[in-house]
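Listed below, chain by chain, are the residues.
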Amino acid sequence: ASFLEKELSAMNFALEKMELMDELDPVARDWRDHVREMSYDMDNCIDDFVRQFGGGHAKVGFIKKTARRLKMLGERHRISDRMEELKALALEANERRLRYNIDECNPNSSYECNHNSSFVAIDPRMSAIYIEAAGLVGTDGPRKELVSLLTDTEKKLKVVSIVGFGGLGKTTLAKRVYDEIREQFDCTAFVPVSQKPNMTEFMTGLLHRFPKPPKLEIDESSQAQARGMQDIIDDIIKRLKKKRYLIVIDDLWDQSTWNTISRAFREEFPEDAKGSRVIVTTRVEGVAYGACYSRPECIYRMKPLGEQDSKRLFFRRVYGSEDDHPSRFEEISAEILKKCGGLPLAIITIASLLASRPQRIRDEWESIRNSLGTQFAVNPTLDGMRSILNLSYIHLPLQLRASFLHLGFYPADCEIERDDLVRQWLAEGLVNKLHGRDMEVVANNYFNELVNRSLIQPDRTKCGELVSCRVHDMMLDLILSKCEEHNFLRVECNSEDMAREHGWKYKVHRISMNFSGGGAADETASGTIPSSMSHVRSVAHFGGSTYMPPLLHFKYLRVILFKISGEKTTDLTAISQLFQLKYLKVSVTQRIKLPTEIQGLVHLETLDLYCYQLKIPSDIVRLPCLSNLIVPKGTKLPKGIRNMKSLRTLDGFGLRWSLLEDIEGLGELTNLKCLNLVEGDVDILTTSEVVALASSIGMLHDLIYLCIHGTFFDTGDHLSSLSGPFRHIKVLKLCGWVMPGVPKWICGLECLSWLELNIMTCTDEFHALGELPSLVHLSLWLDSIPEDSAVIFSTGLYPVLETFRCLSKYDVTACLAFEAGAMPKLRRLGLQFHKDQWGGATPVGLEHLLSLENISVDITCCSLEVEDKAASVVGYMYRASWWFCQRAIEKRRCIVSS
């Protein structure tokens, strides 16, 4: 075993060295592939050794212990023979290396991340650059032309096609137009189509985008998956009947897919025509022509960016400004941009590659220019775009490459959660171990690096942080080609292929199953796999298929990721035998069946389950490495939770049915970074439980995120008595914890960026809150408001606040006042009150909020009988809001709802 460990380390070093080489001759490539497979085999052999002879059976009875020893004797011989075999293969591989002079290849210079920095932040220019690209793609000409086509007086359904090469910005333009005109329609939806869509799932997803008519009986359960396509289409037609709708079908690939989708947009009678509109984006000219029913005037052909817009986008990404760039790079920049052909995706990718170089040396720019093809600007092709994107991969730091290829796990057009990626990378061992560094921080740095290099696109933010990303379909195409080249990952599209031998040269180590519902075929294929898959380390399953891979056959599994919508219970009882399992995430529409005991999963780090109902094994508290535990909301705390000292994330548990001793036990989980306690309905806690909860969270000094939902009253103000908790907390959501006032210790949280509080009355701490240096979001629920005085936000307070929401059943508009210079960066203001309480006023000093862009007024009412009155209130508030918007700043947006 010692020899194998040393040899494995040497092999990995050799593989890293070869990974940095530009080109490998066939002999070197073949040697590399064999060594890579041998390193996997060695790793598996070491795992077998650890599993069989690592102890852990001290409490087993004499007879069982004797039987196990006899069995282990056979295993010892088998593993010993395998070790000798691998040792011989390693020596033979070394002889081949010397015989064919494989070391003579010269590697590139190593492009490494900056590991001296403890944290790699996302470049603040990244979010701006995609907005900039959207602005350039959707400039007045294209945008106005499309808006004109879509907002004419024609009552019949009109389909407008946007056609152009991948990376030109079709989706960006469609989204910009969609956002501009969507308010004019009753129903709206923006839905991407994958290259090989499961049409049943796609149409079911489209169905759920539209509200169900009150008297329409439609099966909303998972049984909808089993219904025929025509049933789903009929349901969509019923939901859209007499509605004016706007729907974007993004990235359509073939006419047959459109033929199915378009059946849902049928207008049977003249009175059904309400002026509805559909936008289709596609790369295929024939599909664009067919989608708009052969009306050439309804086709918009995308054009590349012009020279000036290309330069603007390029220099803003590299230098942060269009004008602030060295003149010595002017000529070479023009040559690079010419080779990018005006495609925003190509420009952003190359610009991000250049921006990632710490020292901008002309030789590097020339090297990248010379690497770009000369014909792409004249004749854009998929191979040409791939070569541009491949440059970013070639210059990617070695330690990021496996993490980048791991993105191939996910299907096209999929939102990918940052935390999921980080935890999967850690479970697979794709993150370099750095002395004294938190591995999770290093993995987050990887994610941020990939964003900064434009290899992944920022998607959703939460509490001011980027929490998910997407992969452009052309980038995904590159990833999958690299996965095939390096035997990193295989993607299967149906269960029949899964069960067959493919004649692959090497074993499969990671597999992603993106299956459509297959019914009987899935049942037949379940339980069988080819021998080439027995060494799989990671398995993902997406879609509506009932196929269940035979987990017991995958004894080396580290990662399981299931996101499926089938109608059967997902049976996970086999996971108790997966000794190496480190990451398990399952999101299903039905139930999950777990094994009764899971304490054998001694390496499990993440358990993330989303389902209809869940019973957690009682021995979960004995898992020594469990760091992240996420469950369906309201799940009872496991008995003995105080023993789970390794937990860093605890999410979804409720307190209603939990024992007092377990609420108290939360305080012993001192490694917690994220605590999210939730309830589906109103939660009523006893006084002793409130005291225990306040005491417990007060001991969790390393919390970064704390959220407590549900509703309970802390009349004793136990939370205020805490002494200096949460030194590093960034997000504090206590909207369900009703307190007399703002606890004073909150006013000293210098890292706090997001705060939600529910207080009985306004207090003097409002002034102190305004001095928090990092606070960008503040939501306040007020149980009462001052009758004779206003809450005045003074000059200089809340210096970085961007969002302020004030909610109450009373008239909050009458008690708010803003002095000049208060909240200088406030962009969004939200107000909520009951319609009977509004006195007709607006907050004082709104004209002083010079950065304000959006005002949302939510007027609540209790019955349909007061709709007319509520509507009049809405109208008055709208006019009042619009008045101060016009006085304060141009281009503000006012939203008033009831």
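Residues numbered from 1 in each chain as written. Predicted model: local features only at pLDDT ≥ 70, side-chain atom pairs only at ≥ 80, totals over all residues. Heavy atoms only, no water.

Draft legend 1. Inspection of the overall build of the protein chain at higher detail. The secondary structure content of the protein chain amounts to 25 helices and 32 strands. The long-range fraction of contacts in the protein chain, counting pairs at least 24 apart against all pairs at least 6 apart in sequence, stands at 65%. (Helix = DSSP H or I, 4+ residues; strand = E, 2+ residues; numbered from the N terminus. Contact = heavy atoms within 4.5 Å.)

Draft legend 2. Here's a closer look at the sheet that holds strand 7 (residues 457-458). An order of 6-10-7 is seen for the three strands of this open sheet, with the pairing classed as antiparallel. Either end of the sheet is taken by a strand with one partner, and the two such strands are strand 6 (416-417) and strand 7. (Pairing = 2+ DSSP bridges.)

Draft legend 3. Up close: the packing of aromatic side chains. Under the defined criterion, the tally for this structure stands at 14 aromatic pairs. Ring centres of Tyr 245 and Phe 265 lie 5.9 Å apart, and the angle between their planes is 35°; on these two criteria the pair is classed as tilted. Of this pair, Tyr 245 sits in strand 3 (residues 245-252) while Phe 265 sits in the loop between helix 9 (255-262) and strand 4 (277-282), placing them 20 residues apart in sequence. Residue classification places Tyr 245 among the buried residues on the basis of a relative accessible area of 4%. Note on Phe 265: relative accessible area 3%, which makes it buried. On the numbers, 6.1 Å between centres and 35° between planes, the contact of Tyr 393 with Phe 404 is tilted. Linking Tyr 393 in helix 15 (residues 382-394) with Phe 404 in helix 16 (residues 398-405), this pair joins segments that are eleven residues apart in sequence. We classify Phe 404 as buried; its relative accessible area is 0%. Site record: aromatic cluster; members linked through ring pairs are Phe 314, Phe 315, Tyr 319, Phe 329 and Trp 365. Seen from the ring of Tyr 393, Arg 401 lies directly overhead, with NZ or CZ sitting 5.1 Å from the centre. Residue placement shows Arg 510 over the ring face of Phe 488; its charged tip is 3.9 Å from the ring centre. (Phe/Tyr/Trp six-rings, centres within 6.5 Å; stacked < 30°, edge-to-face > 60°. Buried < 20%, exposed > 50% of the residue type's maximum accessible area, 1.4 Å probe, protein only. Lys NZ or Arg CZ within 6 Å of the ring centre and 35° of its normal.)

Draft legend 4. Spotlight on the environment of Leu 421. If you trace the backbone, Leu 421 turns up in helix 17 (residues 418-428). For Leu 421 and Ser 468, which are 47 residues apart along the polypeptide, the C-alpha to C-alpha distance reads 9.3 Å.

Draft legend 5. Up close: the pairing of strand 14 (residues 559-564). Here strand 14 lies mainly inside the structure; five of its six residues are buried. In the sheet, strand 13 (residues 538-543) pairs with strand 14 via six bridges, with the strands oriented parallel. Pairing of His 541 across the sheet is with Phe 562, part of strand 14. In the sheet, strand 14 pairs with strand 16 (residues 583-587) via five bridges, with the strands oriented parallel.

Draft legend 6. The pairing of strand 12 (residues 510-515), seen in detail. Buried residues dominate strand 12, accounting for five of its six residues. Where strand 11 (residues 490-492) lies against strand 12, three bridges are found, and the strand directions are parallel. Of the residues in strand 12, the one forming a bridge with Val 491 is Ser 512. Direction of pairing for strand 12 relative to strand 13: parallel, over a ladder of six bridges. In the sheet register, Asn 514 faces strand 13, and the bridge partner there is Phe 542.

Draft legend 7. Spatial organisation of the environment of Ala 351. Tracing the backbone shows Ala 351 in helix 13 (residues 344-355). With a relative accessible area of 0%, Ala 351 lands in the buried category. Distance from Ala 351 to Arg 316, taken between C-alpha atoms, is 8.8 Å for residues 35 residues apart in sequence. Ignoring any residue separated from it by four or fewer positions in sequence, one finds Ala 351 in contact with Phe 314, Arg 317 and Val 318.

Draft legend 8. The arrangement of the sheet that holds strand 1 (residues 158-163) in detail. Ordered in space as 2-3-4-1-5, the five strands form an open sheet in which the pairing is parallel. Two strands in the sheet have a free side with no partner beyond their single neighbour: strand 2 (187-192) and strand 5 (299-301). With strand direction ignored, the average angle separating the axes of adjacent strands in the sheet is 15°. In the sheet, strand 2 pairs with strand 3 via six bridges, with the strands oriented parallel. From the neighbouring strand, Val 191 faces strand 3, where its bridge partner is Ile 249. (Axes fitted to C-alpha atoms, helices over the stretch in contact; angles between N-to-C directions.)

Draft legend 9. Representation of helix 17. The buried fraction of helix 17 is high, at ten of eleven residues. Burial in helix 17 covers these residues: Arg 418, Asp 420, Leu 421, Val 422, Arg 423, Gln 424, Trp 425, Leu 426, Ala 427 and Glu 428. Once helix 17 finishes, Gly 429 follows within two positions and takes phi at roughly 75°, a positive value.

Draft legend 10. Quick look at the nonpolar core. In this structure, Leu 650, Leu 693, Trp 737 and Phe 804 are the most contacted members of the largest nonpolar core, which totals 111 residues. The element that contributes the greatest number of residues to this core is helix 23 (residues 687-698), accounting for five residues. Each residue touching Phe 804, except ones within four places of it in the same chain, is listed here: Leu 778, Leu 780, Phe 793, Leu 816, Phe 818, Met 823, Leu 826, Arg 828, Leu 829 and Gly 830. (Core = buried A, V, L, I, M, F, W, Y, C linked by side-chain atoms within 4.5 Å.)

Draft legend 11. Examining the pattern of salt bridges more closely. Within the structure shown, the criterion is met by 30 salt bridges. Asp 420 is the partner of Lys 585 in a salt bridge, and the nearest nitrogen-oxygen pair spans 2.6 Å. Placement of the pair is Lys 585 in strand 16 and Asp 420 in helix 17, with a sequence separation of 165 residues. Several salt bridges share partner residues, and in doing so they unite Asp 152, Glu 154, Lys 158, Arg 277, Arg 295 and Glu 297 into one network. (Salt bridge = Lys/Arg side-chain N within 4 Å of Asp/Glu carboxyl O.)

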